[in-house]
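# Coordinate analysis (summary)
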Amino acid sequence: MGTKMEMLFDGGKRKVLTLSYDDGTIHDRRLVAMMNEYGIRGTFNLNSGMFSQKGTAVINGYETDMSRIAAEEVKTLYAGHEVASHTLTHPSLTTLPSNMGAAEVLKDRKNLEELTGELVRGFAYPYGTYNETVEEVLSACGIEYARTVVDTNGFDLPADFLEWHPTCHHESQSLMEIAKDFCENDGYSARLFYLWGHSYEFTQKNNWQMIEDFFKYVSKYREQIWMATNIEIVDYVKSFRELRRSTDGVILYNPTGMDLWFELDGQTKCIHGKEKLSFH
């Protein structure tokens, strides 16, 4: 019996795709509808203190409608996706004392949990700014992962979920090249494609067709890809890391409540929650 065991994702798939979009502007309505049409899933990072605000702003040289969705929309609009925190009012947390930063996060969490009826455990850094102190604040506030704006152009799982670097922004000139590599090539380990951005950017540049083309392409490979939210990936990976093996690798025990998939000696296997397997 070999000792090398490779993690697979839900259903025995080697690949997972997730999206992360910030700010909760009205343009999310069109993005969510498109994602639902193609079976794509993801996470939306919201500022609950800015719901229903109206107005425009010049962003990256574009006059942009930055009107926010209403609180009453949250539960239905994002059904089937994850709602995560982006702070109450979108400040750069590195500019605030810890107590004020904690208030921004906790108030946002509380508001979003009341609206969705779900635990809010995810986060995206406003303006992409963070440091060790901010990470400590997030952890103390019950946040289990936080997305940065540092593109890797790769498919590795994060070493630290509080510094979760995405694969790329949707405006990357290499987007479809990266997508083709992800969909058509297989690696020796699990592969994660993490796309991020802001839905208002599609309206700014009138390039909604670009993201729909991406969705059309990746959806053709849905049998090979787990379409997941950010928190589903976090829960799965953390559960997999809880697996226990005997010293000779013959006994495997799953102490979690989640079914976990893996490859052992070239064979795909599943171990159910609380199950013990013996490979003799």
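Look up: the structure comes first, before these words.
Notes on the structure follow. Quick caveat, the model's predicted, so the values are computed rather than measured.

A few words now on the sheet that holds strand β11 (residues 251–253). Reading across the sheet, the three strands line up as β10-β11-β14 and stay open at both edges, with antiparallel pairing between neighbours. The open sheet has two edge strands with one neighbour each: β10 (244–245) and β14 (276–278). Here β11 pairs with β14 via three bridges, running antiparallel. Bridge assignment links Leu252 to a residue of β14, and that residue is Leu277.

Turning to the sheet that holds strand β12 (residues 260–264), a few remarks are in order. Strand order across the open sheet formed by three strands is β1-β12-β13, with antiparallel pairing between neighbours. Whereas interior strands pair on both sides, the edge strands pair on one side only; in this sheet they are β1 (5–8) and β13 (267–271). Mean inter-strand twist for the sheet, computed between neighbouring axes without regard to direction, equals 35°. As defined by bridge partners, β1 adjoins β12 across four bridges and the pair is classed as antiparallel.

A few words on unusual backbone geometry. Positioned with a positive phi, Asn153 is a non-glycine residue whose angle comes to about 60°. Within the secondary structure, Asn153 is located in the loop between α4 (132–140) and β7 (168–169). Residues other than glycine seldom take positive phi values, yet Lys274 does so here, at roughly 70°. Structurally, Lys274 is set in the loop between β13 and β14.

Counting through the fold element by element, His165 comes out in the loop between α4 and β7. Along the sequence, His165 and Val149 sit 16 residues apart, while their C-alpha atoms lie 6.5 Å from each other.

Attention shifts here to the pairing of strand β4 (residues 56–59). With four bridges connecting them, β4 and strand β5 (residues 62–65) associate as antiparallel partners. Across the sheet, residue Ala57 finds its bridge partner in β5, namely Thr64. Counting the residues that bridge the hairpin from β4 to β5 gives two residues, and of these Asn60 lies at a positive phi of roughly 55°.

What follows concerns the packing of helix α3 (residues 98–116) against α4. One can describe the packing of α3 onto α4 by two numbers: an axis separation of 10 Å at closest approach and a directional angle of 45°. Put simply, α3 runs oblique to α4. Seen from above, α3 lies across α4 with right-handed handedness. In this structure, α3 uses Ser98, Gly101, Ala102 and Val105 to contact α4, whose residues at the interface are Thr133, Val137 and Leu138. Classifying every residue of the contact of α3 with α4 gives four nonpolar, three polar and no charged.

Attention now goes to the nonpolar core. Counting 38 residues, the largest nonpolar core has Phe193, Phe214 and Phe215 as the members making the most contacts within it. For this core, the secondary-structure elements that each account for two or more residues are β2 (15–22), α1 (28–38), β3 (42–46), α2 (74–77), α5 (175–184), β8 (191–197), α7 (208–219) and β9 (225–227). The greatest single-element share of this core, amounting to six residues, is contributed by α7. Excluding residues that lie within four positions of it along the chain, Phe193 makes contacts with Val16, Leu17, Thr18, Phe155, Thr167, Cys168, Leu175, Ile178, Ala179, Phe182 and Phe214. One finds Met7, Phe9, Tyr194 and Leu252 within the second-largest nonpolar core, a separate group that totals 28 residues.

Quick notes on the rules
- Residues numbered from 1 in each chain as written.
- Predicted model: local features only at pLDDT ≥ 70, side-chain atom pairs only at ≥ 80, totals over all residues.
- Heavy atoms only, no water.
- Pairing = 2+ DSSP bridges.
- Helix = DSSP H or I, 4+ residues; strand = E, 2+ residues; numbered from the N terminus.
- Axes fitted to C-alpha atoms, helices over the stretch in contact; angles between N-to-C directions.
- Parallel < 35°, antiparallel > 145°, perpendicular 65-115°, else oblique.
- Left-handed = near helix turned anticlockwise from the far one by under 90°.
- Contact = heavy atoms within 4.5 Å.
- Nonpolar A, V, L, I, M, F, W, Y, C, P; charged D, E, K, R; others polar.
- Core = buried A, V, L, I, M, F, W, Y, C linked by side-chain atoms within 4.5 Å.
- Buried < 20%, exposed > 50% of the residue type's maximum accessible area, 1.4 Å probe, protein only.

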